[in-house]
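# Understanding the architecture of this molecule
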Amino acid sequence: MPKILLVEDEPNMRIGLKDNMEFEGYDVEFANDGEEGLKKILENKYDLILLDVMLPKMSGFDVCKKVRQQNNLTPIILLTAKGEEVDKVLGLELGADDYVTKPFSLRELLARIKAILRRSESSVVRNEIVKIGRLEVHFESYNAVEDEASVQMSHKEFELLKYLFDHKNQTVSRDDLLKNVWQDVYLTSRTIDNFIVRLRQKIESDANNPKIIITVHGIGYKLIAQ
Ligand code: CA
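Okay, so let's go over this structure. It should be emphasised that the depicted structure is a prediction, and the values quoted were computed from it without experimental measurement. (Residues numbered from 1 in each chain as written. Predicted model: local features only at pLDDT ≥ 70, side-chain atom pairs only at ≥ 80, totals over all residues. Heavy atoms only, no water.)

Before going further, it helps to spend a moment on the coordination of the calcium ion. Of the protein atoms, only D9 (OD), E10 (OE), D52 (OD) and M54 (O) coordinate the calcium ion, at distances of 2.1 to 3.0 Å. M54 sits in the exposed class, given a relative accessible area of 60%. (Donors = N, O, S within 2.8 Å, 3.2 Å for Na, K, Ca; no water. Buried < 20%, exposed > 50% of the residue type's maximum accessible area, 1.4 Å probe, protein only.)

This is how it looks when you write it as structure tokens:
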């Protein structure tokens, strides 16, 4: 049974979500504020975290950042307030995997939970270490290593890299990436470009002169590999 942590300070929201998620067959735990949430995340193993942004003691953004700093790659869905466009982008750049905007429909949230849990499972298909630039990457365990030292990468960075690698030596458009890696047409291509910049810093010998993830002007990107 997938185990989900819900970090949310509004009691009504907690109760409503808990009942519905349990009905869907998830095991749900709570945290009431950011500090408690962070503590639980770092001490337990969850399949997914639903993380409100506006929380007492520590914001959802800070929780997200601290979780990723600990190399903890548990998928995170942020619950943001309506109209916080900037916050959504910021959240994804801090390492969140997805977000839903309040007020959201339960159906939408459940669909996103399912999609993320499915993606975590499907990444278990290939069990091999591949060499990409400076990194040795094990997609199954979301692990990247350089010179035997672990390299910190978010869940989303792995998924982006995996998608490019699965389509290596082919041009992949930004629209393809939005659709297949983010499942979101509302994000701007600038967010993708920022992710690419970060991947290059980890992969390329010279991030300013990329030889592995190259830009295909006006279209998107291409990952060059054997
Ligand atoms: Ca709140």
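This part takes up the packing of helix α7 (residues 174-182) against helix α8 (residues 189-203). Taken N-terminus to C-terminus, the directions of α7 and α8 make an angle of 80°; their axes are 10 Å apart at the nearest point. Here α8 runs roughly perpendicular to α7, going by the angle between their axes. Each of R174, L177, L178 and W182 in α7 lies in contact with α8, whose residues at this interface are S189, I192, D193 and F195. A class-by-class count of the residues in the contact of α7 with α8 yields 5 nonpolar, 1 polar and 2 charged. (Axes fitted to C-alpha atoms, helices over the stretch in contact; angles between N-to-C directions. Helix = DSSP H or I, 4+ residues; strand = E, 2+ residues; numbered from the N terminus. Parallel < 35°, antiparallel > 145°, perpendicular 65-115°, else oblique. Contact = heavy atoms within 4.5 Å. Nonpolar A, V, L, I, M, F, W, Y, C, P; charged D, E, K, R; others polar.)

Glancing now at the pattern of salt bridges. This model, assessed by the stated rule, comprises 18 salt bridges. Here K3 makes a salt bridge to E29, at a shortest N to O gap of 3.7 Å. Linking K3 in strand β1 (residues 3-7) with E29 in strand β2 (residues 27-31), this pair joins segments that are 26 residues apart in sequence. Since its relative accessible area comes to 24%, E29 is described here as partly exposed. With a closest N to O distance of 2.9 Å, R174 and D193 form a salt bridge. With R174 in helix α7 and D193 in helix α8, this residue pair connects regions lying 19 residues apart in the sequence. Overall, the relative accessible area of 18% leaves R174 in the buried class. Residues participating in the shared-partner salt-bridge network are E8, E10, D52 and K102. (Salt bridge = Lys/Arg side-chain N within 4 Å of Asp/Glu carboxyl O.)

On to the side chain of D97, then. One can find D97 in the loop between α4 (85-93) and β5 (98-101). Here the side chain of D97 touches R68 through a polar contact of 3.0 Å, side chain to side chain. (Polar contact = N/O pair within 3.5 Å; in protein donor to acceptor, adjacent residues only side chain to side chain.)

Turning next to the sheet that holds strand β12 (residues 220-223). Strand order across the open sheet formed by 3 strands is β10-β12-β11, with antiparallel pairing between neighbours. Edge positions in the sheet fall to β10 (171-173) and β11 (213-216), since each of these pairs with one other strand and no more. When strand polarity is set aside, the average angle formed by the axes of neighbouring strands in this sheet is 35°. Across the sheet, helix α6 (residues 155-166) is in contact with β10, β11 and β12; its angle to β12 comes to roughly 70°. Together, β11 and β12 form the strand contacts of α8, whose direction differs from that of β11 by roughly 145°. (Pairing = 2+ DSSP bridges.)

Attention now moves to the environment of N194. Counting through the fold element by element, N194 comes out in helix α8. Residue N194 is classed as partly exposed on the basis of its relative accessible area, which comes to 25%. For the pair N194 and E93, spaced 101 residues apart in sequence, the C-alpha separation works out to 8.2 Å.

Time to look at the packing of aromatic side chains. Applying the stated rule across the entire model yields 3 aromatic pairs. When the centroid spacing of 5.4 Å and the interplanar angle of 75° are considered together, the rings of Y142 and F158 count as edge-to-face. Placement of Y142 in the loop between β7 (135-138) and β8 (143-146) and of F158 in helix α6 is noted, with a sequence separation of 16 residues between them. Here the two residues Y142 and F158 agree in accessibility, since each one is buried. Measuring from ring centre to ring centre gives 5.1 Å for W182 and F195, while their planes differ by 75°; the resulting arrangement is edge-to-face. Linking W182 in helix α7 with F195 in helix α8, this pair joins segments that are 13 residues apart in sequence. With respect to burial, W182 and F195 carry one shared label: buried. The aromatic ring of F30 is capped on one face by R14, whose charged end is 5.6 Å from the ring centroid. (Phe/Tyr/Trp six-rings, centres within 6.5 Å; stacked < 30°, edge-to-face > 60°. Lys NZ or Arg CZ within 6 Å of the ring centre and 35° of its normal.)

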